[in-house]
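# Structural overview
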Amino acid sequence: MDEAKLGRTWALWSPPGRDEVRSPCPALNTLANHSIIPFDGRSISREAIIHALTRPDTFHLSPKMATLFAAGALKANPAPNATTFDLDMVDKHGFIEHDVSLSRDDIALSSNSTFSHDRFRETYGFWAGGRGEEAVVTYDEASKARYARVIQSQKRHVEVGKKVVYGIKEAILSYGESALFFNVLGKDGKVQL
């Protein structure tokens, strides 16, 4: 891992340009936009992603959890015995991206890789800050937002005659994302918006 090329502070930020790649995961994209992992989103080593995920000032994941995520990311690289991955390699439906995202459309309905202002506006509407109250999200509101997205997604799929893909794997991933959101940004069961 070339530490000299990796950001050491959140103060570094730049949006991706035409030559950079990103994933459907806002957390990974944030790490790249801040140069905590390679800014171009390419050739991310196992060591680099584990370091980025375990840093106390990022996601502060346990080394075991970060190692599990790193192993999965490396499997996204189609090259045999790959030792790096690019962010766009994990942009496969059912890999880390899934239907019923809080910020993306479902693959059968629109782009599942890019941020959807409409989906996020719906999510935000379930959070206290979206209703003009104290600008925090509680566990209860996060759960309601997630469940509302399940119902909205199912309804939209029925309207166009398509099937939503949301089984136990997707439920675990999606509720795990909410738990990570609270782990990283929350305190005392609340996330300040």
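Note that the coordinates shown come from a computational prediction; the quantities given were computed from them, not determined experimentally.

### A word on the overall build of the protein chain
A count of helical and extended segments in the protein chain gives six helices and five strands. Helices (α) and strands (β) of the protein chain occur, in sequence order from the N terminus, as α-β-α-α-β-α-β-α-α-β-β. Relative to a compact globule of 193 residues, whose C-alpha radius of gyration would be 16 Å, the protein chain shows 17 Å and is just as compact. Taking all 193 residues of the protein chain together, the buried fraction comes to 39%. Here the protein chain carries 24 positive and 24 negative side-chain charges, and the mean point of each set is 2 Å from the other.

### Focus on the packing of aromatic side chains
The full count for this structure, using the stated rule, is seven aromatic pairs. Geometrically, the ring pair formed by Y124 and W127 is edge-to-face, given 6.1 Å between the ring centres and 65° between the ring planes. Residues F181 and F182 carry aromatic rings whose centres are separated by 5.6 Å and whose planes lie at 85° to one another, so their mutual orientation is edge-to-face. When its relative accessible area of 22% is taken as the criterion, F181 is described as partly exposed. Since its relative accessible area comes to 8%, F182 is described here as buried. Connected via pairs of aromatic rings, a cluster forms that spans F115, F120, Y124, W127, Y139, F181 and F182. Cation over ring: R22 sits above F39, and NZ or CZ is 5.0 Å from the ring centre.

### Thoughts on the domain arrangement of the protein chain
The assigned domain composition of the protein chain is domain 1 (12-90) and domain 2 (117-192). Of note, the centres of domain 1 and domain 2, computed from C-alpha atoms alone, are 24 Å apart.

### Overview of the side chain of N112
Its location among the elements puts N112 in the loop between β2 (84-85) and α4 (117-126). There is a polar contact of 2.8 Å between the side chain of N112 and the side chain of E97.

### Re the nonpolar core
Generally speaking, soluble globular proteins have nonpolar side chains that are buried together. Formed by 23 residues in total, the largest nonpolar core has its most connected members in L31, I37, I44, I49, L53, F85 and L87. Of all the secondary-structure elements, those providing two or more residues to this core are α1 (26-33), α2 (46-54) and α3 (63-75). What F85 contacts, discounting residues up to four positions off in sequence, is G41, R42, S43, I44, I49, A73, L74, N77 and V90. Judged by nonpolar contacts, the second largest core, of six residues, contains W127, A145, F182 and V191.

### Things to note about helix α5 (residues 139-159)
Here α5 spans 30 Å end to end across 21 residues, near enough to the 30 Å set by a 1.5 Å rise per residue. Buried within α5 we find E141, A142, A145, R146, A148, R149, V150, Q152, S153 and H157. Buried residues belonging to α5 abut α4, β3 (136-138) and α6 (168-185). Once α5 ends, the next one or two residues include G161, with phi positive near 70°.

### Here we look at unusual backbone geometry
Backbone geometry at S35 places phi at a positive 60°, although glycine is not the residue there. You can see S35 is positioned in the loop between α1 and β1 (44-45). Accessibility expressed as a relative area gives 17% for S35, which makes it buried. Phi at S43 takes a positive value of approximately 50°, unusual for a residue other than glycine.

Procedures and definitions
- Residues numbered from 1 in each chain as written.
- Predicted model: local features only at pLDDT ≥ 70, side-chain atom pairs only at ≥ 80, totals over all residues.
- Heavy atoms only, no water.
- Helix = DSSP H or I, 4+ residues; strand = E, 2+ residues; numbered from the N terminus.
- Rg over C-alpha atoms; globule rule 2.2 N^0.38 Å.
- Buried < 20%, exposed > 50% of the residue type's maximum accessible area, 1.4 Å probe, protein only.
- Lys, Arg positive; Asp, Glu negative; His and termini not counted.
- Charge placed at Lys NZ, Arg CZ, Asp CG, Glu CD.
- Phe/Tyr/Trp six-rings, centres within 6.5 Å; stacked < 30°, edge-to-face > 60°.
- Lys NZ or Arg CZ within 6 Å of the ring centre and 35° of its normal.
- Domains from an automatic or database assignment.
- Polar contact = N/O pair within 3.5 Å; in protein donor to acceptor, adjacent residues only side chain to side chain.
- Core = buried A, V, L, I, M, F, W, Y, C linked by side-chain atoms within 4.5 Å.
- Contact = heavy atoms within 4.5 Å.
- Expected span 1.5 Å × (residues − 1).

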